[in-house]
Amino acid sequence: MQFTRRTVVQAGACTAAALVVGTPAAVAAAAPEPAPEPRQAGAELPLRTDTTTQGDILAGFRKDHACLLFVHFHDTKKARRWLGQLVPALSTTDQVTRFNAEFSAARNLRKGVDPTTMSSLWTGLSLTHAGLGFLAQRDPFPAVTPGSTAEAFRDGPAARAELLGDTGPSAPDSWLFGADPDGVHAVLTLAADDNGRLAKAIDQHLGSLDRSGAEVLFRQDGATLPGALRGHEHFGFLDAISQPGVRGFDRPDAGNGTTVHGKPGTRLVPAGEFLVGHERVGRRPAGLPAWATGGSFHVVRRLGQDVAGWWKQVDECLAELKKSGAAPADASPNWLAARMVGRWPGGAPVATCPAAERVPVPGEDIDGALDFHDDLQGWTTPLFSHIRKSNPRAGLTVAPGRPPLPAAEIDSRRVIRRGIPFGPAYRPGSGPAERGLVFVSHQADLVGQFEFIANRWSNNADFPPARHPRPGTDPVIGPPSPAAFESPSPSGSRATTLAFQRFVRTEGAVYAFTPSIPTLRALAEGRLDNAIEVHRGTVLRPGDTLDAGAVRLRFDTDGDLVLQDGEGRTLWNAGTSGAEAHFSGDGELTVRLADGRTAWSSKTAGHEGARLLVRPSGDTVIVQDGRTLWRVPGRRSPADAGA
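Each value, and the rule that gives it
Residues numbered from 1 in each chain as written. Predicted model: local features only at pLDDT ≥ 70, side-chain atom pairs only at ≥ 80, totals over all residues. Heavy atoms only, no water. Helix = DSSP H or I, 4+ residues; strand = E, 2+ residues; numbered from the N terminus. Buried < 20%, exposed > 50% of the residue type's maximum accessible area, 1.4 Å probe, protein only. Pairing = 2+ DSSP bridges. Phe/Tyr/Trp six-rings, centres within 6.5 Å; stacked < 30°, edge-to-face > 60°. Lys NZ or Arg CZ within 6 Å of the ring centre and 35° of its normal. Salt bridge = Lys/Arg side-chain N within 4 Å of Asp/Glu carboxyl O.

With omega at -5 degrees, the peptide bond leading from Phe-463 into Pro-464 counts as cis. With respect to the secondary-structure elements, Pro-464 resides in the loop between α13 (446-458) and β12 (481-489). At the junction of His-468 and Pro-469, the peptide bond is cis and its omega measures out at 0 degrees in the coordinates. Within the element layout of this structure, Pro-469 appears in the loop between α13 and β12. Positive phi outside glycine occurs at Ala-240, with the angle close to 55 degrees. Exposure remark for Ala-240: the relative accessible area of 35% places this residue in the partly exposed category. Even without glycine at this site, Phe-372 takes up a positive phi of about 70 degrees. Along the polypeptide, Phe-372 turns up in the loop between α11 (333-341) and α12 (386-390).

Looking now at the sheet that holds strand β6 (residues 259-260). Pairing within the open sheet is mixed, and its 3 strands lie in the order β5-β7-β6. Across the chains shown, the open sheet's two edge strands, defined by having one partner strand only, are β5 (245-246) and β6.

Scanning all chains against the criterion turns up 27 aromatic pairs. Plain terms: the ring middles of Phe-73 and Trp-82 are 5.6 Å apart, the flat faces sit at 55 degrees to each other, and that makes the pair tilted. Here Phe-73 falls in the buried class, since its relative accessible area comes to 2%. With a relative accessible area of 3%, Trp-82 lands in the buried category. On the basis of an interplanar angle of 15 degrees and a centroid distance of 4.5 Å, the ring pair of Phe-235 and Trp-310 is categorised as stacked. You can see Phe-235 sitting in the loop between β4 (215-223) and β5 and its partner Trp-310 sitting in helix α10 (residues 307-324), a full 75 residues away along the chain. In this structure an aromatic cluster arises from ring pairing among Phe-141, Phe-153, Trp-291, Phe-297 and Phe-513. Between the NZ or CZ atom of Arg-48 and the centre of the ring of Phe-249, over which it lies, the distance is 4.7 Å. Across the ring face of Phe-452, the terminal group of Arg-413 is positioned such that the distance to the ring centre comes to 3.7 Å.

To continue, consider the pattern of salt bridges. Pairs can form between side chains of opposite charge once their charged atoms are near each other. For the coordinates displayed, the defined rule picks out 34 salt bridges. Between Arg-388 and Asp-375 there is a salt bridge; the shortest N-O distance is 3.4 Å. On the criterion of sequence distance, the pair formed by Arg-388 in helix α12 and Asp-375 in the loop between α11 and α12 is long-range, its members being 13 residues apart. Note on Arg-388: relative accessible area 3%, which makes it buried. Across the pair Asp-556 and Arg-554 runs a salt bridge, and its minimum N-O distance is 3.4 Å. Counted as one network, the salt bridges with shared partners bring together Asp-64, Arg-107, Asp-114 and Arg-230.

This is the structure in structure tokens:
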């Protein structure tokens, strides 16, 4: 596609690539995808039968009714006892996956009608930084690196409100929960098909929390909207359509191995982008403590929606577009609203049916042909549209005139969403009411995923970068901003400037972590393993550092694997000059040359399931079932002597 004279490269466009792909650690994500691993009979999708991870992360509770209880503990012993009693009731990935599969099969037999005889109640628990520290009576992190996910988790969303766009009416001083970083300790999520069953479970949990001396700071109820709005959010659009596929959980397409079977528009993303401890894009290290393995960071945001105000803005902006000739004279408000969202209310993308809404055929992958590669100007789906700002797919360029980036290069920016509406459905002429969306997402990297999308994409008027005029912010969830509605003209392209205001208000927010079942059992006993874990398949590249406070394991810029103390003094080194360090699935740590040959090895191959840990006590070990296979002793600091 030829770019027009109205779209020019701005000064400073040389930094556009950094805006798109982010930090140097994320640049590694652009490495070629590894070939799909050979499948073994019965082991193609091991994550579906996982009994150690909580079920809402990968499988999804997907219930019509939900309740989130934001809890503060007062007594550590009682809180641990409560946790120990709760753990057996938590829903695992295996349980939720099996039920969802049976429910979907029954629904298909009924031609899309939900079976009335199938019902379940799901329970999930996540803990904030303050909550983890309270239960363990120690800091969850041995060290907090500036700019890291550990720092974001420790700070919480209230301290990062400006970065997230939570200013003005959305500022933390007006929040219903989450403004105090030491307030919420836990988020208990309950979800059910039957509202009566859910109400009974809520009463039981409230009683249990009361007996443990805990305080429920806030209760957030949610429910699927009724009737024709089922599955929609309050503005009237079908929600949570585009979710990433997860390797090891979703069945791959037999033809390419890179997309989900039956969903050609859904890429398979490495599980480590959502579940700590599994392979990440580019095999990057997580750099997180062992307690995080098998868990996921949990973002909860209460987003109030001014439905009447948003649709009034649609009418006003449509009038401007008709006046400029950028919209057809007979265009309805839905025509523009669909372009602001990127989809028609029923979910069909504007990109594939721009003239009018098309009702998808049951079972159809409505995103099958959606990737924006043929609409780099945004003439069909505007560059500011909600779905492009949050997931640009294969339609993202670092500067006008440049070819779009492959979709694989933004796999590390995906999140899994589990939101649900709250409040009554809007009816024209009805009185004011509290309504909106309980936004929930799971991701392994708060900074590189959720915060990156919010700060660098959705809330950034200059994304996609280096365009003139600037595209503007997300017109659904972003802050107020001028926006450029681009359309073709005889001379190439023209832009009509629209002024979008904000009609979604943040009313509460929490950063929590959804731990594995083994981690929660340990916490109930007052234990929390905060050694930094190097997960199998991880690759360390020059500059990568795993900081355990007293010691740091670092792959130096000269290609040597080095263990340093907290002041940067070398305690041990492999004495090599390689291209990368790799911890294999069978328990061997190696430094490899650029051609793949081994320059140094821990000589611990053949130990499937072995773990590599950098301990705050100072040593670095490879262990299996309590037996040490390899160890580099460090220097025990006085502060850790009694740990």
